[in-house]
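Structural features, examined
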Amino acid sequence: LLALFVGIFYADRYARPRKHARGGSEPRDSSSAALVRRAEQRHSLTGLFNTSGLIVLTFYTSIALATFTAFNCFEADDGVYFSASYEGVECWREEHGRMVGVAAAFIGLYTIGTLVFCVVVSLQYKRKLLRDPRFAQRFRFLFGRWRAQVYYYQSLRLLRNLLLAAIPTLLPYDEPQVQVTLLVFVLSASLVAQLRLRPWRVDALNLLDGGLTVALLLLLIIMGTSLCTSADGVASTACGMARSQSVVSTLLVSLMMAAGLLFAVVQWRRLLSSSTSFDIFLSHHKGGAGNTARLMKLFLSQGTRARVFYDADNLNSLDLLFEAVRSSRRVVVILSAETAQRPWCVGELAVAYQS
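This text gives an overview of the structure that appears in the document. (Residues numbered from 1 in each chain as written. Predicted model: local features only at pLDDT ≥ 70, side-chain atom pairs only at ≥ 80, totals over all residues. Heavy atoms only, no water.)

**Some remarks on the overall build of the protein**
If you tally the helices and strands in the protein, you get 16 helices and seven strands. Taking all 355 residues of the protein together, 34% fall into the buried category. Long-range pairs, those at least 24 residues apart, make up 65% of the contacts in the protein between residues at least 6 apart in sequence. As presented, the protein carries roughly 21,700 Å² of accessible surface, and 62% of it is formed by carbon and sulfur atoms. (Helix = DSSP H or I, 4+ residues; strand = E, 2+ residues; numbered from the N terminus. Buried < 20%, exposed > 50% of the residue type's maximum accessible area, 1.4 Å probe, protein only. Contact = heavy atoms within 4.5 Å. Areas by Shrake-Rupley, 256 points an atom, 1.4 Å probe, with all protein chains shown as cover.)

Next comes the structure, spelled out in structure tokens:
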């Protein structure tokens, strides 16, 4: 999967437009041929690259947990340590050493490599937007979900997921109080960052993400209270949860699920009847000025308090595009070569003039 990911990246990066038989550029197509070419672009290398990247990010935590379990060993009654996943494998013997070697290599290539890749791409974000017009499309899976001013949030999220996978598997199993404490610290830090940055484009997702983190924190606190101390003073989970704690945990999970369902219904109804106003509406042709519009929104959001409408961040349906123009105080047109040839751009100007 990693080799496929890197191969697609370089194939898409160095792809060149096809040349005509006589050495010139490919002639301009008719309207019907342009529609066919637009349909073929949906299955381009950029789309395949974004799909592969989305798969890598989706299974990041699960695969990290699977690789870290090779280092998780428990002590048997006779004092010998065995693998937690494969009880017949004795830890730090020849067979377990091969397992650890494979896991360590995969941790370096996938778990750590994916995080480093995201950090490097995020550091190049502003510079690449000006020099490479295809940069934003190629890395949509990294920046597409976040607001323009917090484009780097995917790296922070991967770091959080990495810590959540490493703490319960790499730390000693006989020190659950340390595991719970560190997990609470990581989740609390991520909650503070999430509430401070509000990274999701949709405000409802920010609230939902914060609510899920709070629910996880409450469950961890309840689990922490179920720890007991053995005769030698070592904390363990042998006591298990008391009946009252089990009832509280069940009620808490049920309430959180009901609250999440109610929240989704309320946000859905609000979306149908919402008419949000903006201070500035950025009208642009995405192919010719998409990166310029995103940089302009980034600078305006950082330097002013104006609410800026940028279609990739604020538009959920094309049916609401002209309504967003009507509800904006000012319309800023970013002119490019094909602005006047795009029906949506002309429609935005017409609606702005009439409003």
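**Quick look at the packing of aromatic side chains**
Within the structure shown, the criterion is met by 18 aromatic pairs. Plain terms: the ring middles of Phe-49 and Phe-141 are 5.5 Å apart, the flat faces sit at 75° to each other, and that makes the pair edge-to-face. Within this pair, whereas Phe-49 is found in helix α3 (residues 45-58), its partner Phe-141 is found in helix α8 (residues 140-143), the two being separated by 92 residues in sequence. Classification of Phe-141 by relative accessible area gives buried; the value is 7%. Pairing Phe-322 with Trp-344 gives two aromatic rings, centres 5.6 Å apart and planes at 45°, and the pair type is tilted. Placement of the pair is Phe-322 in helix α15 (residues 321-326) and Trp-344 in helix α16 (residues 343-354), with a sequence separation of 22 residues. Trp-344 sits in the partly exposed class, given a relative accessible area of 39%. Each member of the aromatic cluster is reached from another via a ring pair, and the members are Phe-49, Phe-117, Tyr-125, Phe-135, Phe-139, Phe-141, Phe-143, Tyr-151 and Tyr-152. (Phe/Tyr/Trp six-rings, centres within 6.5 Å; stacked < 30°, edge-to-face > 60°.)

**Topic: the sheet that holds strand β5 (residues 278-284)**
Spatially, β6-β5-β7 is the arrangement adopted by the three strands of the open sheet, whose pairing is parallel. Where the open sheet ends on each side, the last strands, each with one partner, are β6 (308-309) and β7 (328-334). Examined bridge by bridge, β5 and β6 share two bridges and lie parallel to one another. Across the sheet, residue Phe-281 finds its bridge partner in β6, namely Phe-309. In the packing of helix α13 (residues 286-303) onto the sheet, the strands contacted are β5, β6 and β7, and the crossing angle to β5 comes to about 155°. (Pairing = 2+ DSSP bridges. Axes fitted to C-alpha atoms, helices over the stretch in contact; angles between N-to-C directions.)

**Remarks on unusual backbone geometry**
Phi is positive for Trp-92, close to 65°, though the residue is something other than glycine. For Trp-92, the position within the fold is in the loop between β2 (81-83) and α5 (94-123). For Trp-92, a relative accessible area of 58% gives the class exposed. Not every positive phi belongs to a glycine, and Arg-198 is a case in point at roughly 50°. Note on placement: Arg-198 falls in the loop between α10 (176-197) and α11 (203-225).

**Side note on the packing of α5 against helix α9 (residues 153-170)**
At a minimum axis separation of 9 Å, α5 and α9 run at an interaxial angle of 160°. In terms of their interaxial angle, α5 and α9 are classed as roughly antiparallel. As α5 runs across α9, the sense of the crossing is left-handed. For the pair α5 and α9, contact is made by Thr-111, Ile-112, Thr-114, Leu-115, Cys-118, Val-119 and Ser-122 and by Ser-155, Leu-158, Leu-159 and Leu-162, respectively. Its residues placed into classes, the contact of α5 with α9 shows seven nonpolar, four polar and no charged. (Parallel < 35°, antiparallel > 145°, perpendicular 65-115°, else oblique. Left-handed = near helix turned anticlockwise from the far one by under 90°. Nonpolar A, V, L, I, M, F, W, Y, C, P; charged D, E, K, R; others polar.)

**A look at α10**
Taking 1.5 Å of rise per residue, the 22 residues of α10 would be expected to cover 32 Å, and the 31 Å separating its terminal C-alpha atoms lies within 8% of that figure. Considered for burial, the residues of α10 that qualify are Pro-176, Gln-179, Val-180, Leu-183, Val-186, Leu-187, Ser-190, Leu-191, Gln-194 and Leu-197. Relative to the axis of α10, the buried residues are bounded by an arc of 145° and lie together on one face. Among the exposed residues of α10, those oriented more than 90 degrees off its buried face are Thr-181, Phe-185, Val-192, Leu-195 and Arg-196. Just downstream of α10 lies Arg-198, where phi reads positive at about 50°. (Expected span 1.5 Å × (residues − 1). Arc of directions from axis to C-beta.)

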